[in-house]
Amino acid sequence: AGERMTLWGGIPQEVFLPETDETTFVETVRRAARIAQGRRRLILGVAGGVPTQADLARVQATAQIIREAVA
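Computed from a prediction, not measured in an experiment: that's the story for all the values here.

Colleague: Teacher, can you tell me more about the overall build of the protein here?
Modeller: A tally of regular secondary structure across the protein gives 2 helices and 2 strands. In sequence order, the secondary structure elements of the protein are arranged as β-α-β-α. Here the C-alpha atoms of the protein give a radius of gyration of 12 Å, agreeing with the 11 Å that 2.2 N^0.38 yields for 71 residues. In terms of its C-alpha atoms, the protein occupies a principal-axis envelope of roughly 35 × 25 × 15 Å. A burial count over the protein gives 28% of its 71 residues as buried. Partitioning the contacts of the protein with sequence separation of at least 6, the portion at a separation of at least 24 is 82%. If you sum the accessible surface of the protein, you get close to 4900 Å²; carbon and sulfur atoms cover 51% of it.

Colleague: Sorry, what's going on with helix α1 (residues 22-36) here?
Modeller: Note: α-helices contain 3.6 residues per turn, so residues at a spacing of three or four share the same orientation. With 15 residues, α1 should cover 21 Å at 1.5 Å per step; its first-to-last C-alpha distance of 21 Å lies within 8% of that length. The complete set of buried residues in α1 reads F25, V26, T28, V29, A32, A33 and A36. For α1, the buried positions fall inside an angular range of 165° around the axis, keeping them on one side. For α1, the secondary structure elements touched by its buried residues are β1 (6-12), β2 (42-47) and α2 (56-70). For α1, the capping residue at the N-terminal end is D21, with a side-chain oxygen 3.2 Å from the backbone nitrogen of T23.

Colleague: Sorry if this is basic, but what is going on with unusual backbone geometry here?
Modeller: In most cases, non-glycine residues show a negative phi, while peptide bonds are predominantly trans. Positive phi outside glycine occurs at R41, with the angle close to 65°. Take R41: it is sitting in the loop between α1 and β2.

Colleague: Even after reading the chapter, I still don't get the nonpolar core, so can you show me in this structure?
Modeller: Across soluble globular proteins, nonpolar side chains show a tendency to be buried alongside one another. Grouped together as the largest cluster of nonpolar side chains are 9 residues: I11, V15, F16, F25, V26, V29, A32, A54 and I65. Here this core gets 4 residues from one element, more than from any other, and that element is α1. With near-sequence residues (within four places) excluded, A54 lies in contact with F16, L17 and V59.

Colleague: Can you help me understand a nonpolar patch on the surface in this one?
Modeller: A contiguous nonpolar patch, built from M5, L7 and I43 and spanning about 290 Å² of accessible area, is present on the exposed surface. The topology assignment puts M5 in the segment before β1.

Colleague: How should the pairing of β2 be read in this particular structure?
Modeller: Look at any regular strand and the pattern is simple: side chains alternate between the two faces of the sheet. Pairing of β1 with β2 involves 5 bridges; the strand directions are parallel. Paired with T6 across the two strands is L42, which belongs to β2. Read from β1 through α1 to β2, the crossover connection turns out right-handed.

Rules used throughout
- Residues numbered from 1 in each chain as written.
- Predicted model: local features only at pLDDT ≥ 70, side-chain atom pairs only at ≥ 80, totals over all residues.
- Heavy atoms only, no water.
- Helix = DSSP H or I, 4+ residues; strand = E, 2+ residues; numbered from the N terminus.
- Rg over C-alpha atoms; globule rule 2.2 N^0.38 Å.
- Buried < 20%, exposed > 50% of the residue type's maximum accessible area, 1.4 Å probe, protein only.
- Contact = heavy atoms within 4.5 Å.
- Areas by Shrake-Rupley, 256 points an atom, 1.4 Å probe, with all protein chains shown as cover.
- Expected span 1.5 Å × (residues − 1).
- Arc of directions from axis to C-beta.
- Polar contact = N/O pair within 3.5 Å; in protein donor to acceptor, adjacent residues only side chain to side chain.
- Core = buried A, V, L, I, M, F, W, Y, C linked by side-chain atoms within 4.5 Å.
- Patch = residues over 30% accessible without salt bridge, like charges linked within 9 Å, V, L, I, M, F, W, Y side chains within 5 Å.
- Salt bridge = Lys/Arg side-chain N within 4 Å of Asp/Glu carboxyl O.
- Pairing = 2+ DSSP bridges.
- Right-handed = clockwise from strand over helix to strand, strands pointing away.

Structure representation (structure tokens):
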């Protein structure tokens, strides 16, 4: 997105899969949020996109986990 913005796939897509344990999912999202916190012009995303086999509850919980991590 040029010098004005960075799109960072800081959350690995595999953490959304049911095979990844819940603790790993939550800690990975928290860690990415904390790294991104305070960095202007950075958009935190999912590396490679959310997989079609993703656990929908994890996708839905992601925003709340990020909010709590940076509060």
